[in-house]
Amino acid sequence: MALTVAACGSSSTAAGPSAPATTAAPAPVPGDTLTATLSDFHIALSSRSVPAGTYTIKVSNAGNTLHALDVAGPGGTVAASPSVLPGQSTTVSVTLPAGSYHLYCPIANHRAMGMDVVLTVQGGGGGSTVTTVAGSSY
Ligand SMILES: [Cu+2]
């Protein structure tokens, strides 16, 4: 009876590197530049979810008509780019506390035509993290 069960660690599984082969772009961190590409009539955002902080948003107009980018959060508009001609770009700096933001084109009815994208800003005093340091009197 050939009961040769090679039980002892002859693990000949295809020795692939166990590095996660995620090709996703690294998550942005505060200080990074986000990219908003405006077209007729759509906004492509380089990231839809970022940690709270200050960012530069590069606003590029890849469309054929004038566009711009406003950033509106829970407390109102936090940034507004100048109007950007087709083929041009500009940058705006914006500080984003945690919350949900709309990035949209304020020109004419472009927002209603689809130029509106939601950016989620996470963490940092948002309120849902209950870190109750109850005064246990020592
Ligand atoms: Cu527009």
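A quick note: this is a predicted structure, and the numbers were derived from the prediction, not measured.

Student: Would you mind going over the confidence of the model for the protein chain with me for this structure?
Tutor: Predicted coordinates in regions of low pLDDT should not be interpreted in detail. Taken residue by residue, the protein chain gives an average pLDDT of 83. The fraction at 70 or more is 71%. Scored below 50 in pLDDT, residues 125–134 makes one contact in the model with residues more than four places away or belonging to other chains.

Student: Is there a simple way to think about the pairing of strand β5 (residues 70–73) in this case?
Tutor: Each regular strand carries side chains that alternate between the two faces of the sheet. Every second residue of β5 is oriented toward a common face, with D70 and A72 on one face and V71 and G73 on the other, all of them buried. Where β5 lies against strand β6 (residues 76–80), four bridges are found, and the strand directions are antiparallel. The residue bridging V71 from the neighbouring strand is A79, located in β6. What sits between β5 and β6 in their antiparallel hairpin is a turn of two residues. Pairing of β5 with strand β8 (residues 99–104), which is carried by three bridges, proceeds in the antiparallel orientation. The residue of β8 that forms the bridge with V71 is L103.

Student: Mind showing me how you'd approach the environment of H42 here?
Tutor: Relative to the elements of secondary structure, H42 occurs in strand β2 (residues 42–45). Once you skip the residues sitting within four places of it in the chain, H42 turns out to touch T37, G114 and M115.

Student: Sorry, what's going on with the coordination of the copper ion here?
Tutor: H67 (ND1), C105 (SG) and H110 (ND1) make up the full set of protein donors to the copper ion, lying at 1.9 to 2.1 Å. Read from N- to C-terminus, the donor residues coordinating the copper ion fall into the pattern H-x37-C-x4-H. Of this pair, H67 sits in the loop between β4 (53–61) and β5 while C105 sits in the loop between β8 and β9 (116–122), and the two are 38 residues apart along the sequence. Classification of H67 by relative accessible area gives buried; the value is 0%.

Student: I'm lost on the sheet that holds β8 in this one. Help?
Tutor: Working definition: the strands of a sheet are paired by backbone hydrogen bonds and lie parallel or antiparallel to each other. Here five strands make up an open sheet; going across it, the order is β3-β9-β8-β5-β6 and the pairing mixed. Strand pairing shows two members of the sheet lacking a second neighbour, β3 (49–51) and β6, which therefore form its edges. Across the sheet, the mean angle from the axis of one strand to that of its neighbour is 30°, orientation sign disregarded. Where β8 and β9 come together, six bridges link them in antiparallel fashion.

Student: Explanation requested: the nonpolar core in the structure shown.
Tutor: In summary, soluble globular proteins display a tendency toward joint burial of nonpolar side chains. Counting 23 residues, the largest nonpolar core has I57, L69, V71, L96, L103 and L119 as its most contacted members. Every residue in contact with L96, bar those within four places of it in the chain, is listed here: V50, A52, G53, Y55, V71, V78, Y101, L119 and V121.

Student: Help me understand unusual backbone geometry, please; the structure alone is not making it clear to me.
Tutor: Trans is the prevailing form of peptide bonds, just as negative phi is the prevailing case for residues other than glycine. With an omega of 0°, the peptide bond running from D40 to F41 counts as cis. Note that F41 resides in the loop between β1 (33–39) and β2. Of note in the backbone geometry, A108 takes a positive phi value of approximately 45° without being a glycine. Structurally, the position occupied by A108 is in the loop between β8 and β9. The class of A108 is exposed, set by a relative accessible area of 69%.

Analysis parameters
- Residues numbered from 1 in each chain as written.
- Predicted model: local features only at pLDDT ≥ 70, side-chain atom pairs only at ≥ 80, totals over all residues.
- Heavy atoms only, no water.
- pLDDT = per-residue confidence, 0-100.
- Contact = heavy atoms within 4.5 Å.
- Buried < 20%, exposed > 50% of the residue type's maximum accessible area, 1.4 Å probe, protein only.
- Helix = DSSP H or I, 4+ residues; strand = E, 2+ residues; numbered from the N terminus.
- Pairing = 2+ DSSP bridges.
- Donors = N, O, S within 2.8 Å, 3.2 Å for Na, K, Ca; no water.
- Axes fitted to C-alpha atoms, helices over the stretch in contact; angles between N-to-C directions.
- Core = buried A, V, L, I, M, F, W, Y, C linked by side-chain atoms within 4.5 Å.

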